[in-house]
Amino acid sequence: MRKIKTAIVGCGKVGHFHAKCYKQLENSEFVGAVGSRKGRGAEFAKEYGVQGFDSLEELVKHTGAEAVSICTPHLNHAEYAVEAARLGLHIAIEKPLAITLSECDRIISAAEENNVLGTTISQRRFYLPSLRLKKAIDDGKIGKPILGTVNMFGWRSMDYYRSDKWRGTWEGEGGGVLVNQAPHQIDLLLWYMGEVEEVYGMWDTLNHPELEVDDTAIAVVRFKSGAMGNIVVSNSQNPALWGNVHVHGSNGASIGVQTDGGAMFIAGMSGITEPPVNDIWTVKGEEDKLEEYKKQDGDFFNSVDNMYYFHRQQLKDFLDAIVEKRSPAITLQDGRRTVELFNAIYLSNKYKKPIKFPIQESFLD
């Protein structure tokens, strides 16, 4: 097995998460870390027995790194991803891909021009119940998807927002619940339902008065297929309740995945409270399988190192794609679709009207 020389840029909580994954993966040789502040990379690297640097150029020169995870705050993703691509590094970018569509396009163009692969992290696609939904849709078990919903009722305390200076601000984070927590469920909705035609949305800050950004957002979606969708996401429920994605089909069947139950997972700060499971399954002839699926998924979840397993699955696919010279399971274009949708919700609230796709601007342009 050929091992890819891997590295990370961004030495915060998520950086530790990716570093541990790269240390564990059989197809990875973890070689280095780059800090966004002078000396941070060297300090971080000591923990993993690798070299630390203050720039990507030094990393490539001294380690021969081939792939890098971008684990910096959101507003720095494009800066580091474009530089990495120009240095010939394949790029795995934590969600969201970027904040604006122009930044997404810079990343995608840099990857294409320098013939490198890129992925954006959406590890919940690798949950077994998420994959089961996709297969059921692809196999025609629900007819055509005609209605898709996202409901994410989570909680973030002010201590969470104070844990890093960049959190909870437009300048540092680029948004709130839509940008930081909801991209996972939005990605699944788009994976199941397809391209968007039009969005009407609104957002507000309902119970975190110290925040600049949204802690609650809702949207109504019309897909190009003619299907409809609804999105309700919030960081205002204490304790957190759940996050789920449901798809209803033209033959009357409904299927769904609860991706998160109870307190939401925060990389580097908390674990996964409950196993992801199918929470609705009314496919004709399979109505009695729901409890079986739940048991299968719970048993599997408890049999693996569930804190890191699904991140590792995506990063393994990313590294395999480099060796096999194919597209990764989740592409940069997939990440761009999520960014386009949350920008459309912000813009709809700004202009008080539905937003047609493709959108012509980003909220923070």
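Cut-off values and rules
- Every chain's residues receive numbers from 1 upward, in the order its sequence appears when written.
- Predicted model: local features are reported for residues with pLDDT of at least 70 only, side-chain atom pairs are reported and counted for 80 or more only, and whole-chain, interface and lining totals are derived from all residues.
- To get the side-chain values, all heavy atoms of the structure are used, and hydrogens and water are removed first.
- The disulfide definition used here is simple: a pair of cysteine sulfur atoms within 2.5 Å.
- Exposure categories follow from relative accessible area, calculated using a 1.4 Å probe and restricted to protein chains: below 20% of the type maximum is buried, above 50% is exposed, and the middle band is partly exposed.
- Pairing between two strands requires that DSSP report at least two bridges joining them.
- By the criteria applied, helices consist of DSSP H or I runs no shorter than four residues and strands consist of E runs no shorter than two, each listed in order from the N terminus.
- Centres within 6.5 Å are what make two rings of Phe, Tyr or Trp a pair, Trp counting through its six-membered ring; a difference in plane orientation under 30 degrees is then read as stacked, over 60 as edge-to-face, and the rest as tilted.
- Working rule: Lys NZ or Arg CZ, within 6 Å of ring centre, within 35 degrees of ring normal, means a charge sits over the ring.

What to know about the state of the cysteines
Going through the model one piece at a time under the given rule, you end up with zero disulfides. The structure places no disulfide on C11, whose sulfur is separated from the nearest cysteine sulfur, that of C71, by 8.7 Å. Looking at C11, the relative accessible area reads 5%, which means it is buried. Of the cysteine sulfurs around C21, a residue in no disulfide, the closest is that of C71, at 9.5 Å.

Topic: the pairing of strand β9 (residues 216-223)
Here strand β8 (residues 196-204) runs beside β9; their pairing, made up of eight bridges, is antiparallel. Paired with V199 across the bridge in β9 is V221. Looking at chain direction, β9 and strand β10 (residues 228-234) are connected through seven bridges and run antiparallel. Bridge pairing in β10 links I218 to V232. Hairpin geometry of β9 and β10 is characterised by an intervening segment of four residues between the two adjacent antiparallel strands and by a positive phi of about 100° at G226.

A look at the packing of aromatic side chains
The tally for this structure, following the rule as stated, stands at 17 aromatic pairs. Both rings, one in W170 and one in W203, keep their centres 5.6 Å apart while their planes meet at 65°; by these two values the pair is edge-to-face. Of the two residues, W170 is situated in the loop between α7 (158-162) and α8 (177-180) and W203 in strand β8; the sequence distance between them amounts to 33 residues. Judged by centre distance (5.1 Å) and plane angle (25°), the ring pair of Y346 and F363 falls under stacked. You can see Y346 sitting in helix α12 (residues 332-351) and its partner F363 sitting in the segment after β14 (355-356), a full 17 residues away along the chain. For the pair Y346 and F363, one class covers both residues: buried. Feature note: the residues W170, W203, F342, Y346 and F363 constitute an aromatic cluster, connected by ring pairs. Over the aromatic face of Y160 sits the side chain of R156, whose NZ or CZ is 4.9 Å from the ring centroid. Sitting over the face of the ring of Y351, K353 holds its NZ or CZ atom 5.9 Å from the ring centroid.

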